[in-house]
Amino acid sequence: MCLTEETTETLYLLGEGDRVVGVSGYTVRPPAARQKPKISAFLSARFDSIEALKPDLVLAFSDLQADLSAELVRRGISVVTFNQRSIAEILQMIRMVGGLVGCQARAEALADRLSRDLDRVRDDATHLPRRLRTFFEEWDDPLISGIQWVEELVEIAGGLPIFPELATAGLAKDRIVDPLEVARRDPEIVFASWCGKRMKKSTIQNRPGWSETTAIRNDRIFEIKSTYILQPGPASLTDGVRQLHEHFRLLQDRNGDSLARP
């Protein structure tokens, strides 16, 4: 049973989808998993429904699900809670999930393949004219940025994060940024992924002090849906990084020499 999407997707990629007896209501990937009983949100769960399914193991994520994990343990259910925050830790989570369900070799192969794919994106990015100053926002109010695996993917894809000092801050409250400081650092491109709701371009465009930033003046605001980038699992290492790279590549191809200058 999986309380978040990334372990669900991992199990399906390992060919172990039949083992999954319940999923988070936010699960999108893979589509087949949507047919499983939905037994949790992110911060709440239907404990009686979980007990009725008699899972051998529940997989959870992060300090934010600590209370859910504790309650399940009190009910006699085995729980493994991951807390992956970097690309290396995501790959390690995949290997550990494989070990837990008895398919270590497949998990190692999957992690190795994902790592090679990231290397190919990284290599492609070296051919871009230059790296664009990039602001990636995870939430709009308060403005939150800098989660580690996303910042690492931005760099792999060809961008230059404007808040590199936030990458090691694990808690969202430690990654709240001042909108005026964002404007001062003058992002050339803005990505938004507001978990659970659609990005509103006007909200970004109309922030005080942002109208003269390079990104706003040149209409370089792009949404990447949270299921592709804010899930610290296979999705972010595949579709997420590819979407980032495609924006960097197409934007510089389209603008040519105008972006080749610092």
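Refer to the structure presented above.
These numbers come from a predicted model, not from an experiment.

Reading the values: the criteria
- Residues numbered from 1 in each chain as written.
- Predicted model: local features only at pLDDT ≥ 70, side-chain atom pairs only at ≥ 80, totals over all residues.
- Heavy atoms only, no water.
- Helix = DSSP H or I, 4+ residues; strand = E, 2+ residues; numbered from the N terminus.
- Rg over C-alpha atoms; globule rule 2.2 N^0.38 Å.
- Buried < 20%, exposed > 50% of the residue type's maximum accessible area, 1.4 Å probe, protein only.
- Contact = heavy atoms within 4.5 Å.
- Areas by Shrake-Rupley, 256 points an atom, 1.4 Å probe, with all protein chains shown as cover.
- Lys, Arg positive; Asp, Glu negative; His and termini not counted.
- Charge placed at Lys NZ, Arg CZ, Asp CG, Glu CD.
- Axes fitted to C-alpha atoms, helices over the stretch in contact; angles between N-to-C directions.
- Parallel < 35°, antiparallel > 145°, perpendicular 65-115°, else oblique.
- Left-handed = near helix turned anticlockwise from the far one by under 90°.
- Pairing = 2+ DSSP bridges.
- Expected span 1.5 Å × (residues − 1).
- Arc of directions from axis to C-beta.
- Polar contact = N/O pair within 3.5 Å; in protein donor to acceptor, adjacent residues only side chain to side chain.
- Salt bridge = Lys/Arg side-chain N within 4 Å of Asp/Glu carboxyl O.

Student: Explain the overall build of the protein to me, and be specific about the residues and the numbers.
Tutor: Within the protein one finds 12 helices and nine strands. Radius of gyration (C-alpha) of the protein: 19 Å, near the 18 Å computed for a compact globule of 262 residues. Seen through its principal axes, the protein has C-alpha atoms that stretch 60 × 35 × 30 Å. Within the span of the protein, comprising 262 residues, buried residues form 51% of the whole. Taking the intrachain contacts of the protein between residues at least 6 apart in sequence as the baseline, contacts between residues at least 24 apart amount to 61%. Surface exposure of the protein reaches about 12,200 Å², of which carbon and sulfur atoms provide 51%. Across the protein, 35 positive and 38 negative side-chain charges occur, with their mean positions spaced 3 Å apart.

Student: Provide a residue-level description of helix H6 (residues 148–157), including the pertinent values.
Tutor: Most of H6 sits inside the fold, with seven of its 10 residues counted as buried. Taken residue by residue, H6 has Trp149, Val150, Glu151, Leu153, Val154, Ile156 and Ala157 as its buried positions. Phi turns positive, to about 120°, at Gly158, one or two residues after H6.

Student: Can you explain the packing of helix H1 (residues 5–13) against helix H4 (residues 87–100)? Please cite residues and give values.
Tutor: Running from N to C, H1 and H4 cross one another at 60°; their axes reach a closest spacing of 10 Å. When the axes of H1 and H4 are compared, the pair comes out oblique. The interaxial crossing formed by H1 with H4 has right-handed handedness. Here Glu6, Thr7, Thr10 and Leu11 of H1 lie close against H4, whose contacting residues are Met93, Ile94 and Val97.

Student: Before we move on, could you go through the environment of Gly209 and cite the residues and values that matter?
Tutor: Along the chain, Gly209 falls in the loop between helix H8 (201–205) and helix H9 (214–217). C-alpha of Gly209 to C-alpha of Val182: the two residues are 27 residues apart in sequence and 9.2 Å apart in space. Contacts of Gly209, omitting those with residues within four sequence positions, involve Leu180 and Ala183.

Student: Describe the pairing of strand S8 (residues 189–192), naming the residues involved and giving the relevant values.
Tutor: Regular strands place their side chains on alternate faces of the sheet. Burial along S8 is two-sided: Ile189 and Phe191 facing one way and Val190 and Ala192 facing the other are all buried. In the sheet, strand S5 (residues 132–140) pairs with S8 via four bridges, with the strands oriented parallel. The residue of S8 that forms the bridge with Thr134 is Ile189.

Student: Explain helix H5 (residues 104–125) to me, using residue names and the numbers behind them.
Tutor: For H5, built from 22 residues, the straight-helix expectation of 32 Å at 1.5 Å per residue is met to within 8% by its first-to-last C-alpha distance of 32 Å. Every buried residue of H5 is listed here: Ala107, Leu110, Ala111, Leu114, Asp117, Leu118, Val121 and Ala125. Relative to the axis of H5, the buried residues are bounded by an arc of 120° and lie together on one face.

Student: So what's going on with the side chain of Ser62? Residues and values would help.
Tutor: Note that Ser62 resides in the loop between strand S3 (58–61) and helix H3 (66–74). There is a polar contact of 3.1 Å between the side chain of Ser62 and the backbone nitrogen of Leu64. If sequence neighbours within four positions are ignored, Ser62 has contacts with Phe42, Thr81, Phe82, Asn83 and Arg85.

Student: Help me get a handle on the pattern of salt bridges, residues and values and all.
Tutor: Applying the stated criterion to the full structure yields 27 salt bridges. The partner of Glu188 in a salt bridge is Arg130, with the nearest N and O atoms 2.4 Å apart. Linking Glu188 in the loop between helix H7 (179–185) and S8 with Arg130 in the loop between H5 and S5, this pair joins segments that are 58 residues apart in sequence. Glu188 gets classed as buried once you look at its relative accessible area, which sits at 4%. Taking relative accessible area as the criterion, Arg130 reaches 16% and is therefore assigned buried. One salt bridge connects Arg242 with Asp239, and the closest N-O pair in it is separated by 3.7 Å. Of this pair, Arg242 and Asp239 both sit in helix H11 (residues 234–255), three residues apart, which is roughly one turn of the helix. Its relative accessible area of 42% is what places Arg242 among the partly exposed residues. Asp239 sits in the partly exposed class, given a relative accessible area of 24%. Salt bridges sharing common partners tie together Asp48, Glu51, Glu71, Arg74 and Arg75.

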